Amino acid sequence: MHQHSFDKTDEVRLIVFKNMSLIISVVALIVAYINIFINKNIALGFIELALAIFCIFTYQQILTKRSKLWHRYAVIYTYFVVVLLAIAVIKLDTGISHWLCTFPVLVYLLFGKKQGLISSFSLLFAVLLIFYIIDKTVTQVNFKLITNVSLTYIIVWGISHVFESMRASNQEEIINLALRDTLTQAYNRRAFKSHFDKHIDFSKPYCFALGDLDFFKKVNDEYGHDAGDAVLVQLTQLFKTHLGDEHVYRFGGEEFTLVVNNDLETAITVMNKLRIDIENHQFTYLQSTLKITISLGLVDIEAREHTNLSDILRLADNYLYLAKQNGRNCIVNGRTKISNEGREVLTK
């Protein structure tokens, strides 16, 4: 299952990058003017002017929906280089080194935890190296300033890292709550709809079965709903063993949708093996052993002239109804029924 369909992080980061480009361009224009016309630091001023122009370009690219990932890397690392150049050229007692503290926040916002960690460490290492190489006496004279800036940088870096870690963890939890059934941890109907709409390649064989447990109400009536829940959890694990986690969806109650990324013949073989394993499996609750069977309506998407999900689900439900009417514990796919004795017979 492609959970990133529900992950809006990239969209948020693009919005952040758009505003960041605009802000950096304005600030870069201001400091470029100061360095060119006031401080007479022509080279640095024109480099800052180039940064401003490039940020304006990336802002325009975002507005016209032509932004590329490399634009983000180019802006943030050009900004990084410009700050390093400014530190190397301008005296530290002007406070130029405090610009360093903006970098961890920006890089974590744009790239996340892993890239933020690597880039923040690299910048700190590069700056300390510059302090050492330029003039060892500078390190002695400005030891307190360098120490304060470094500690401030580390604090900002640490807060940025913790915040991004918590944000990513909370987002994953929210996505799981949206896409997973809370009891069985199988994917739910919303997840299946997203998978069907966005991630199926209809040029390739694709089948899915709508499955419903036979006489499941008797389990709840005789053993209680906790027993029914235990059966559903164990059944889901059995599904996942056969098909994999991303191919199992619980639609509600004892109804599941099971996906096979293959042709109908293969899907029939897979589903029949699953049906037999469920029939032979010993489901347990407390000291009780329960026997369960399943009926399945199997649909071959490749064979359909249309791919409307509602129509296909309705077709699968009709096949499931035929399976229930034909003795249960079997598979119906529109052409054949796999009976509970394993025989293949024609269906109406």
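A short tour of the structure in this document, coming up.

Basis of the calculations
- Residues numbered from 1 in each chain as written.
- Predicted model: local features only at pLDDT ≥ 70, side-chain atom pairs only at ≥ 80, totals over all residues.
- Heavy atoms only, no water.
- Helix = DSSP H or I, 4+ residues; strand = E, 2+ residues; numbered from the N terminus.
- Expected span 1.5 Å × (residues − 1).
- Buried < 20%, exposed > 50% of the residue type's maximum accessible area, 1.4 Å probe, protein only.
- Contact = heavy atoms within 4.5 Å.
- Patch = residues over 30% accessible without salt bridge, like charges linked within 9 Å, V, L, I, M, F, W, Y side chains within 5 Å.
- Areas by Shrake-Rupley, 256 points an atom, 1.4 Å probe, with all protein chains shown as cover.
- Salt bridge = Lys/Arg side-chain N within 4 Å of Asp/Glu carboxyl O.
- Core = buried A, V, L, I, M, F, W, Y, C linked by side-chain atoms within 4.5 Å.
- Arc of directions from axis to C-beta.

### Some details on helix α12 (residues 309–325)
Stage number 1. In a regular helix each residue adds 1.5 Å, so 17 residues correspond to 24 Å; α12 covers 24 Å between its end C-alpha atoms and thus fits that length.
Stage number 2. Those residues of α12 lying buried are L309, I312, L313, L315, A316, Y319, L320, A323 and K324.
Stage number 3. In this fold, the buried residues of α12 make contact with α8 (189–198), β1 (207–213), β2 (248–252), β3 (255–260), β6 (294–300) and β7 (331–332).
Stage number 4. Of the residues trailing α12, G327 is marked for its positive phi of about 105°.

### Structural notes on a nonpolar patch on the surface
Stage number 1. A cluster of nonpolar residues, L22, V26, I30, Y33, I34, F37 and I38, forms a patch on the protein surface that exposes about 660 Å² of accessible area.
Stage number 2. Within the element layout of this structure, Y33 appears in helix α1 (residues 9–38).
Stage number 3. Since its relative accessible area comes to 48%, Y33 is described here as partly exposed.

### Focus: the nonpolar core
Stage number 1. Among the nonpolar cores identified, the biggest contains 38 residues, and L100, F103, L123 and Y153 are the most heavily contacted of them.
Stage number 2. Contributions of two or more residues to this core are made by α1, α2 (42–63), α3 (69–89), α4 (103–111), α5 (113–134) and α7 (143–179).
Stage number 3. Take this core: its biggest share by element is 9 residues, from α3.
Stage number 4. Sequence-distant contacts of F103, defined by excluding residues within four places in its chain, comprise I76, Y77, Y79, F80, S119, S120, L123 and Y153.
Stage number 5. Core analysis: the next-biggest nonpolar cluster, separate from the first, contains 32 residues, A186, A230, I294 and L296 among them.

### Structural notes on the pattern of salt bridges
Side-chain pairs of opposite charge can arise whenever the charged atoms involved come near each other.
Stage number 1. Taken as a whole and judged by the stated rule, the model has 12 salt bridges.
Stage number 2. D214 serves as the salt-bridge partner of K324, at 2.8 Å between the closest nitrogen and oxygen. Here the residue K324 occupies a position in helix α12, and D214 occupies one in the loop between β1 and α9 (216–223), the gap between them amounting to 110 residues. For the pair K324 and D214, one class covers both residues: buried.
Stage number 3. The network of salt bridges with common partners includes R13, E164 and R167.

### Description of unusual backbone geometry
Stage number 1. Of note, the phi angle at K65 is positive, near 60°, even though the residue is not glycine.
Stage number 2. Locating K65 in the fold gives a position in the loop between α2 and α3.
Stage number 3. Exposure remark for K65: the relative accessible area of 77% places this residue in the exposed category.

### Some remarks on helix α11 (residues 264–280)
Stage number 1. Between its first and last C-alpha atoms α11 spans 24 Å; for 17 residues at 1.5 Å apiece the expected length is 24 Å, and the two agree.
Stage number 2. Looking only at α11, the buried set comprises L264, A267, I268, M271, N272, L274, R275 and I278. For α11, the angular spread of buried residues about the axis comes to 165°, placing them on one side. Among the exposed residues of α11, those oriented more than 90 degrees off its buried face are E265, T269 and N280.

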